Amino acid sequence: MRDTDVEYSDTDGIDTGNSDATPPEPTVEDIPALQIVQDLDTKIRQLQHQRDSLPLKDDLKAATAKQVAHQRLIRHTKEQHLEVLTRQRRHENKAASLASDADAKNDLLYSGRIRSARDIAALQSEIETLRSRQSTLEDQAIEALIEVDELADSTKTLEAEGVALDEQVTVLEAELAATLQDIEKQLTDLAEARERTAKSVDHDALERYERLRPSFGHFTVVSFDYDKGCNCPNRMPRAEIVRIRNCNTGSISDCTECGRMVLR
């Protein structure tokens, strides 16, 4: 089916009283406007893609994940510190209790109240056992105390690193917010320019462009090439190229091969 060429008429937009009359096609002034609309749509899509795939988003996501993992490590280290500190104090308290028991039995041993050699030997053995257990617990308390100090140092180091990570996340959030704000401002300006320009494009031409745009993107409206037509893969027939050549400058045709809008 042959496309209808655009003709220019002084009666464009005027009601002739014929309800069956063909709607007026866009005038020569509309054609550049349609190209501008397409250029603006292309810029808008590019900005939207840029906004959706900003490297800063990945940087912030990675930094935030690292921040969360680091905070988890700090909490775990603090929990370890508290656990070891509790164990160290438990060992100290138990050692002190054993020392007190051993001292009391030692006092009893030398009080003169125990006269039986057998009872004295048993008491001495009990005192030695208490002193041995006391010594073991004191050693364990010292080991725990060393671990407590190491964990305290680790916590301080991790917290300092956490501050640096927090600052990094804050900076990235600010950079991303500023970048997105700038992009949104550009998108708003482009959308307003697009809306203004679209008002000067013939309604039918704009509607056809909008219908075809999902399929052809920023190549929906193409300029006519005297030798190749619209440069589509299937190549416009020679007769069609000649036909469009003879159309008025600024007319619109649909390529019979690919369906795009061709501007003469």
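See the structure printed just above.
1. Concerning the overall build of the chain
Looking only at helices and strands, the chain has five helices and three strands in total. Along the chain direction, N to C, the helices and strands of the chain fall in the order α-α-α-α-β-α-β-β. Looking at the chain as a whole, 34% of its 264 residues are labelled buried. A separation of at least 24 residues holds for 69% of the contacts in the chain among residues at least 6 apart in sequence.

2. Focus on the environment of E192
Here E192 lies in helix α3 (residues 117-198). On the accessibility criterion, E192 (40% relative accessible area) is partly exposed.

3. Description of the nonpolar core
It is characteristic of soluble globular proteins that their nonpolar side chains tend to be buried jointly. Grouped together as the largest cluster of nonpolar side chains are 14 residues, with contacts concentrated most on L47, L60, L172, L176, I183, L187 and L190. Beyond its immediate chain neighbours, meaning those up to four positions away, I183 contacts L47, Q50, R51 and L54.

4. Some thoughts on the sheet that holds strand β3 (residues 261-263)
Here we have three strands laid out as an open sheet, ordered β1-β3-β2, and mixed in their pairing. For this open sheet the edge positions go to β1 (221-223) and β2 (252-254), each flanked by a neighbour on one side alone. Direction aside, neighbouring strands of the sheet carry axes that sit 35° apart on average. Both β1 and β3 contribute to a ladder of three bridges, which runs parallel. Each residue of the ladder has a partner; that of S223, found in β3, is L263. Taken strand by strand, helix α4 (residues 203-216) contacts β1, β2 and β3, and its axis lies near 130° from that of β3.

5. As for the side chain of T197
Counting through the fold element by element, T197 comes out in helix α3. Judged by its relative accessible area of 16%, T197 falls in the buried class. A distance of 2.8 Å separates a polar atom in the side chain of T197 from the backbone oxygen of A193. Leaving out residues up to four positions away in the same chain, T197 has contacts with A33, I36, V37 and L40.

6. A few points about the pattern of salt bridges
Overall, the coordinates contain eleven salt bridges when judged by the stated rule. D41 serves as the salt-bridge partner of R213, at 3.6 Å between the closest nitrogen and oxygen. Pair noted here: R213 is in helix α4 and D41 is in helix α1 (residues 30-52), with a separation of 172 residues, a long-range link. A relative accessible area of 5% means that D41 is categorised as buried. Residue E126 is joined to K105 by a salt bridge in which the shortest nitrogen-to-oxygen separation is 3.0 Å. Taken as a pair, E126 in helix α3 and K105 in helix α2 (residues 55-109) lie far apart in primary sequence, 21 residues in all. For K105, a relative accessible area of 24% puts it in the partly exposed group.

Scoring rules and cut-offs
Residues numbered from 1 in each chain as written. Predicted model: local features only at pLDDT ≥ 70, side-chain atom pairs only at ≥ 80, totals over all residues. Heavy atoms only, no water. Helix = DSSP H or I, 4+ residues; strand = E, 2+ residues; numbered from the N terminus. Buried < 20%, exposed > 50% of the residue type's maximum accessible area, 1.4 Å probe, protein only. Contact = heavy atoms within 4.5 Å. Core = buried A, V, L, I, M, F, W, Y, C linked by side-chain atoms within 4.5 Å. Pairing = 2+ DSSP bridges. Axes fitted to C-alpha atoms, helices over the stretch in contact; angles between N-to-C directions. Polar contact = N/O pair within 3.5 Å; in protein donor to acceptor, adjacent residues only side chain to side chain. Salt bridge = Lys/Arg side-chain N within 4 Å of Asp/Glu carboxyl O.

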